[in-house]
Amino acid sequence: MAATLAPPRLLPSGDGAITVEFSRNIDDAANRRVLALDRALAREPVAGVTETVPTYRSLLVHYDPVLIDFDTLSAKLTVLAQLPVPATTKARRWRIPVVYGGEHGIDLEDVAKTLNTTPDDIVSRHIAGDYRVAMIGFTPGWSYLSGLHDSLHMSRRQNPRLLTPAGTISIGGVQTGVQCLAGPSGWHLLGPGDRVTFSAVDAKTFAEQDRAAGSGEMVAELMAS
Amino acid sequence: MSKLVISAIGPSSSVQDGGRFGAQRYGLTPSGAMDRIGLAAANCLVGNTLFTAGIEIGPFGAAFTAREGAVRVALAGAARNADIAGRAVASDTSVTLADGETLKLGFARGGSFSYLAIERGIAGEPMFGSMAVNARAGLGSPYPRPLQAGDELQVATASGATERRIDLPPPVKAPIRVVMGPQDDEFADDQKELFLDSEWKISATSDRMGYRLEGPVIKHLYGHNIVSDGTVNGSIQVPGNGAPIVLVPDRGTSGGYPKIATVISADLGRFAQISAGTGFRFQAVNMAEAQAEARKFAELLRTLPDRLHSIESFDLNIEALQDANVAGAAVSAVDARTWQVSSPADALTLD
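So, a few notes on the structure that sits alongside this text. (Residues numbered from 1 in each chain as written. Chains lettered and ligands numbered in written order. Predicted model: local features only at pLDDT ≥ 70, side-chain atom pairs only at ≥ 80, totals over all residues. Heavy atoms only, no water.)

## Looking at the overall build of chain B
Per the secondary structure count, chain B includes six helices and 23 strands. Split into buried and exposed, the 351 residues of chain B put 57% on the buried side. Contacts in chain B between residues at least 24 apart in sequence constitute 75% of all its contacts with a sequence separation of at least 6. Roughly 13300 Å² of accessible area belongs to chain B as shown, and the carbon and sulfur atoms make up 53% of that amount. (Helix = DSSP H or I, 4+ residues; strand = E, 2+ residues; numbered from the N terminus. Buried < 20%, exposed > 50% of the residue type's maximum accessible area, 1.4 Å probe, protein only. Contact = heavy atoms within 4.5 Å. Areas by Shrake-Rupley, 256 points an atom, 1.4 Å probe, with all protein chains shown as cover.)

## Notes on the packing of aromatic side chains
Throughout the structure, instances matching the rule amount to seven aromatic pairs over all chains. A centroid spacing of 5.4 Å and a plane angle of 50° characterise the contact between Y131 of chain A and F198 of chain A, whose relative ring orientation is tilted. Remark: F198 of chain A occurs in strand β10 (residues 195-200) and Y131 of chain A occurs in strand β6 (residues 131-136); sequence separation between them is 67 residues. Centre to centre, the rings of F271 of chain B and F280 of chain B are 5.7 Å apart; their planes meet at 70°, and the pair counts as edge-to-face. In this structure F271 of chain B comes out as buried when scored by relative accessible area, which is 0%. Through a chain of ring-to-ring contacts, the aromatic side chains of F195, W200, Y211, F271, F280 and F282 of chain B assemble into a single cluster. The residue whose ring lies beneath R36 of chain B is F51 of chain B, and the NZ or CZ to ring-centre distance is 4.3 Å. (Phe/Tyr/Trp six-rings, centres within 6.5 Å; stacked < 30°, edge-to-face > 60°. Lys NZ or Arg CZ within 6 Å of the ring centre and 35° of its normal.)

## Some words on the pattern of salt bridges
Evaluation of the coordinates by the stated rule reveals 28 salt bridges over all chains. K204 of chain A is the partner of E208 of chain A in a salt bridge, and the nearest nitrogen-oxygen pair spans 3.3 Å. Taken together, the residues span about one helical turn, with E208 of chain A and K204 of chain A both in helix α5 (residues 203-214) at a distance of four residues. For E208 of chain A, a relative accessible area of 39% corresponds to the partly exposed category. What emerges from the salt-bridge pattern is a single network uniting R9, E21, R24 and R57 of chain A together with D185, E186, D229 and K259 of chain B. (Salt bridge = Lys/Arg side-chain N within 4 Å of Asp/Glu carboxyl O.)

## What to know about helix α2 (residues 189-197) of chain B
Side chains three or four residues apart in an α-helix point the same way, a direct result of the helix having 3.6 residues per turn. All names here are of chain B. Listed in full, the buried residues belonging to α2 are Q191, K192 and F195. Down the axis of α2, the buried side of the element spans an arc of 100°, and every buried residue falls inside it. Opposite the packed face of α2, turned more than 90 degrees from it, sit the exposed residues D189 and D197. Lining the buried residues of α2 we find β13 (176-180), β14 (200-202), β17 (235-237), β20 (259-263) and β22 (282-284). (Arc of directions from axis to C-beta.)

Interpretation note: all reported values are geometric properties and have no functional meaning in isolation.
Written as structure tokens, this is what we have:
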């Protein structure tokens, strides 16, 4: 089995990090290899590696160039990245309430226009999705999901917004993401490998649930999987 | 215990230390000082460990007052006019404020950020191992936000130790060095050359998250969307509008724009100090050179204490007077009306 795994691409991210890239695309098999390499490094730490950041398709390995150089670390990572990927454990499944459009989804109309359809159609397509948490990143608690339907793929904004509100569900390229809770309390809620679906709620229900979440109550539902 | 009261302060000023590393996998941005040598030198002067939490002061004036006892501080990073009750204070020196005295600072000169270290640090509760403020995430201590006039920091009463100066290597006026990648293959050769051969300026919309660059438009080979992957301090992303953004300590831990190159770690502080509107260039170096520079930088940090000298008041005054003689516009550090402008973006262009 090990011999059949393709070697990853090792891309320099400056003098203190290597991007170990398994795929250019969103690909659950590649993501499993990312998580397997991450676990391998946690199990058998390499001296000089300071932290790792798993993403959809690559593992970013931060290291101290005073303790280990690029070539030495690259060689070690290449070997570890081609070890067999262990079978995945059972995933947790979450259902997250969402209010679409209006002040809570300022780009919904534009998304519908760009994709030549109605806002309602965008909502039903997004709700029909069965998503997997592929990575956490960008900002505390931001979950990147895989599983966005092809018909919802759209380009990121030409000029990135300076600020988007907490709790926003967004689409960027072939990705969708959710910041499930604002503030430090909810950071640990979703983890890589978890499954996620969305349920639409109206603005009044959303406001009630938002208040409940603000006082520490869990509004996302953990489903029997 | 004494208090250091923030009597006046401009935007982009916050408590920073070495940063909050180890949890980037949860989206926890590292933050930390924009210019690590600046913070380290200030801490070294007052006998602290190099990355003890200190005050990162943005381009504008500030004033700090000692209360309930004397407070020993040191100023490093971008040079400024500084005085205590009319007595000039030089950059890269320590000084003790008697109870009730105020240290007044003018604009940053030849840089953006200065660092005020306080002997034995600032009292606070580290969050995830660091006091560094990340205003967007509501993290940091003692205030999880930029500093404001009226804030009070609990600090140690001055030890009365002899004041010191530190002789740092002279400032380097050279291109900012980069290692190409990780996504340089998303750009044609002529676009990489355009990136390396052009003069760039830091946009006024820059902040502790990213420095937006003004210059030629860099075109992508395959469009501006990649599947998000991890970022580092110094990652140079190129979004759809072709204007590169250099990610700095409050960056997102991942991003979805192609990264043409990465600023080498040894040049990050020098890059962070380039003020808005000032022209600069990039220069590509190979990995061996970048890592040799990283080792030299680590050696400079390790040997900072060897660069300390005790000072006589005579030395101090000469240096301070020389500093004062190159003063620019007359601005009162404590009268906000002379330097506060409507927004940080406007303000940066005035620097």
